Amino acid sequence: MTVQPEVITLDMINAVEAKGLFYLPDPSGNINENSGDLRGLKYGVTRDYVLAIVGSEGTIGIITEATLKLIPIPEF
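Everything quoted here is computed from the prediction, not taken from an experiment. (Residues numbered from 1 in each chain as written. Predicted model: local features only at pLDDT ≥ 70, side-chain atom pairs only at ≥ 80, totals over all residues. Heavy atoms only, no water.)

A few words on helix 1 (residues 9–17). Those residues of helix 1 that fall on the buried side of the exposure criterion are Thr9, Met12, Ile13 and Val16. End-on, the buried residues of helix 1 take up no more than an arc of 100°, which puts them together on one face. At its buried positions, helix 1 is contacted by strand 1 (2–3) and strand 2 (21–22). (Buried < 20%, exposed > 50% of the residue type's maximum accessible area, 1.4 Å probe, protein only. Helix = DSSP H or I, 4+ residues; strand = E, 2+ residues; numbered from the N terminus. Arc of directions from axis to C-beta. Contact = heavy atoms within 4.5 Å.)

And the structure:
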């Protein structure tokens, strides 16, 4: 999935789940911070679902577009 800045992560998660897919990082997580929550222990954090640079904390550049990896919704 390709997204642009200002996409609200929780809105995106709800949209992809309606199609049977899942974006795991915590809704409060952002690409610049490489955020994750407790699910990150099992499924990975933001960097595992972004197909480019993450964790720059804004020092390398401005994100204008991000390509995200989606997975099927886990059964359990």
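With that settled, the discussion passes to the nonpolar core. Counting residues in hydrophobic clusters, the biggest one holds 12 residues: Val3, Met12, Ile13, Phe22, Tyr23, Leu24, Ile31, Tyr49, Val50, Val54, Ala66 and Leu68. Discounting residues that sit within four places of it in the chain, Leu68 has contacts with Met1, Val3, Met12, Tyr23, Ile31, Tyr49 and Val50. (Core = buried A, V, L, I, M, F, W, Y, C linked by side-chain atoms within 4.5 Å.)

This paragraph deals with unusual backbone geometry. Trans peptide bonds make up the majority, and among non-glycine residues the majority have a negative phi. Residue Glu6 is not a glycine yet carries a positive backbone phi of 75°. Classification of Glu6 as exposed rests on a relative accessible area of 79%.

Next up on the list: the layout of surface pockets. Reported here for the largest pocket is a volume of approximately 380 Å³. As for the largest pocket, its lining consists of 21 residues, of which Gln4, Val7, Thr9, Asn30 and Ile31 are closest to the centre. Split by residue class, the lining of the largest pocket holds 12 nonpolar, six polar and three charged. (1 Å grid on protein atoms, 1.4 Å probe; cavity = no way out; pocket = protein on both sides within 12 Å on 5 of 7 lines; lining within 4 Å. Points joined across faces, edges and corners; volume = space filled by probe spheres on them. Nonpolar A, V, L, I, M, F, W, Y, C, P; charged D, E, K, R; others polar.)

Honestly, that's just the spatial picture; any functional story needs more than this.
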